[in-house]
Each structure stands twice: as C-alpha cells, then as structure tokens.
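# Coordinates in review
Below, each chain spelled out in residue letters.
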Amino acid sequence: MSELTDALTTAFADETDEEIAQTAAENIADFAEAYDEDLTSDRVTDLLADAPYDGFDRQFNWVIGELAAENEDCTDSRAFRIDGFGEIAADPDIGT
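Our subject in this report is the structure included herewith. Computed from a prediction, not measured in an experiment: that's the story for all the values here. (Residues numbered from 1 in each chain as written. Predicted model: local features only at pLDDT ≥ 70, side-chain atom pairs only at ≥ 80, totals over all residues. Heavy atoms only, no water.)

## Re the overall build of the protein chain
In plain terms, the rule: Per the convention used, a helix needs a DSSP run of H or I reaching at least four residues, while a strand needs a run of E reaching at least two, with both numbered from the N terminus. Here's how the labels work: a residue is buried when its accessible area is under 20% of the maximum for its type, exposed when over 50%, partly exposed in between, all with a 1.4 Å probe on protein chains only. Surface accessibility follows the Shrake-Rupley procedure with a 1.4 Å probe radius. Residue values consider only the protein chains on display as shielding.
Scanning the protein chain from N- to C-terminus turns up four helices and zero strands. Counted from the first residue to the last, the protein chain has its helices and strands arranged as α-α-α-α. Here the protein chain, with 96 residues, has 33% of them falling under the buried criterion. Roughly 6,200 Å² of accessible area belongs to the protein chain as shown, and the carbon and sulfur atoms make up 41% of that amount.

The following block contains the structure:
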C-alpha cells in the first residue's frame, strides 16, 4: 500500500468499519494516481470534515465529487465512489 492509502485507512477507521475504510482509501489512491498525484491525506480529511451529509458513505462520495470537480481531466468520478458505478448506472464500457 501507498503512504496515502495507509494514512487514509487509519483516518477513515474512526468513521466506518475496517473494510469500507480500506476500500475508500484505495479508491482515493486510485483517484490520485489517475488524476492528482499531489493529493494529500490532509486535503481528503479536510474535505471529509466539510461534507454536508451524514454517514461516511455519502460523505466520502461527496469528497470524490469535489476532488473530481477540481480536476478538469476527471469527467466521471463514479468509479471512485464506495459502491463504484452502482446498480442502476449504465455500463461504462458500452457506448461512446
């Protein structure tokens, strides 16, 4: 695991169970690798503290959306959310 993953897994452990904390940290690390190599755990935890929702899953998904909005190269943040694209989402491999 990366330093970012380790730091976020620890930070998220206070907010949710171990499995979700690990998944969330890995998703952030994947986002950082793809779109923002300079992303820090402090930036993520600051956004999480500012999230306008209750419940870690919703807060985390909001954080991913905010990070994506800050990055013009990321046009779809759903792959990085806790549940990925979700059950009702269109298949991202079909279409354009």
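Structure's up, so let's keep going.
## Looking at the side chain of Asn27
The following threshold applies: We call two residues in contact when some of their heavy atoms are within 4.5 Å.
In this fold, Asn27 is placed in helix 2 (residues 18-35). Among all residues touching Asn27, those that are not within four sequence positions of it are Phe60, Phe80, Arg81 and Ile82.

## Describing the pattern of salt bridges
Definition in use: Each reported salt bridge corresponds to a side-chain nitrogen of Lys or Arg within 4 Å of a carboxyl oxygen of Asp or Glu.
Within this structure, the stated rule accounts for two salt bridges. Put simply, Asp76 and Arg78 hold a salt bridge, and the shortest N to O gap is 2.7 Å.

## As for the nonpolar core
Test applied: By nonpolar core is meant a set of buried Ala, Val, Leu, Ile, Met, Phe, Trp, Tyr and Cys residues that side-chain atoms within 4.5 Å join together.
Phe12, Ile28, Val44, Phe60 and Leu67 are the most contacted members of the largest nonpolar core, which totals 22 residues. Counting residues per element, the ones that place at least two in this core are helix 1 (3-13), helix 2, helix 3 (41-50) and helix 4 (56-69). Discounting residues that sit within four places of it in the chain, Ile28 has contacts with Leu4, Leu8, Leu39, Val44, Phe60, Ile64 and Leu67.

## Comments concerning the packing of helix 1 against helix 2
Quick note on the threshold: Only the contacting stretch of a helix is used when fitting its axis, a line to C-alpha atoms as for every element, and angles between N-to-C directions run 0 to 180 degrees. Helix crossings get a hand from a simple test, with the near helix turned counterclockwise from the far one by less than a right angle marking a left-handed crossing and a clockwise turn marking a right-handed one. In this classification, Asp, Glu, Lys and Arg are treated as charged, Ala, Val, Leu, Ile, Met, Phe, Trp, Tyr, Cys and Pro as nonpolar, and every other residue, Gly included, as polar.
Across the interface, helix 1 lies against helix 2 with an axial gap of 8 Å and an inter-helix angle of 145°. Two packed elements cross with a definite hand, and for helix 1 against helix 2 that hand is right-handed. Contact with helix 1, carried on its side by Leu4, Thr5, Leu8, Thr9, Phe12 and Ala13, involves Ala21, Gln22, Ala24, Ala25, Glu26, Ile28, Ala29 and Ala32 of helix 2 and no other residues of that element. Within the contact of helix 1 with helix 2, the residues separate by chemical class into 10 nonpolar, three polar and one charged.

## Quick look at helix 2
Heads up, the rule is: Take the number of residues in a helix, subtract one, and multiply by 1.5 Å to get its expected span. Between N or O atoms, a polar contact is any pair within 3.5 Å; within protein, one atom must be a potential hydrogen donor and the other a potential acceptor, and residues adjacent in sequence are included only when both atoms are from side chains.
For helix 2, built from 18 residues, the straight-helix expectation of 26 Å at 1.5 Å per residue is met to within 8% by its first-to-last C-alpha distance of 26 Å. All buried positions along helix 2 are accounted for by Ala21, Gln22, Ala24, Ala25, Asn27, Ile28, Ala29, Phe31 and Ala32. Here helix 2 starts with a cap whose side-chain oxygen sits 3.0 Å from the backbone nitrogen of Glu19, and that cap is Asp17.

## Overview of the side chain of Thr16
Positionally, Thr16 belongs in the loop between helix 1 and helix 2. Residue class for Thr16 comes out buried when judged on its relative accessible area of 18%. With residues up to four places along the chain from it excluded, the contact list for Thr16 reads Ala21 and Phe56.

## As for a negative patch on the surface
Put simply, the test is: Note on patches: the residues involved have over 30% relative accessible area and no salt bridge, like charges join within 9 Å, and the nonpolar side chains Val, Leu, Ile, Met, Phe, Trp and Tyr join within 5 Å. Residues counted as positive are Lys and Arg, residues counted as negative are Asp and Glu, and His and the chain ends are not counted. Working definition for charges: the position is that of NZ of Lys, CZ of Arg, CG of Asp or CD of Glu.
On the surface, Asp17, Glu18, Glu19, Asp57 and Asp83 cluster together into a negatively charged patch. Of note, Asp17 is situated in the loop between helix 1 and helix 2. According to the relative accessible area criterion, Asp17 is partly exposed, its value standing at 42%.

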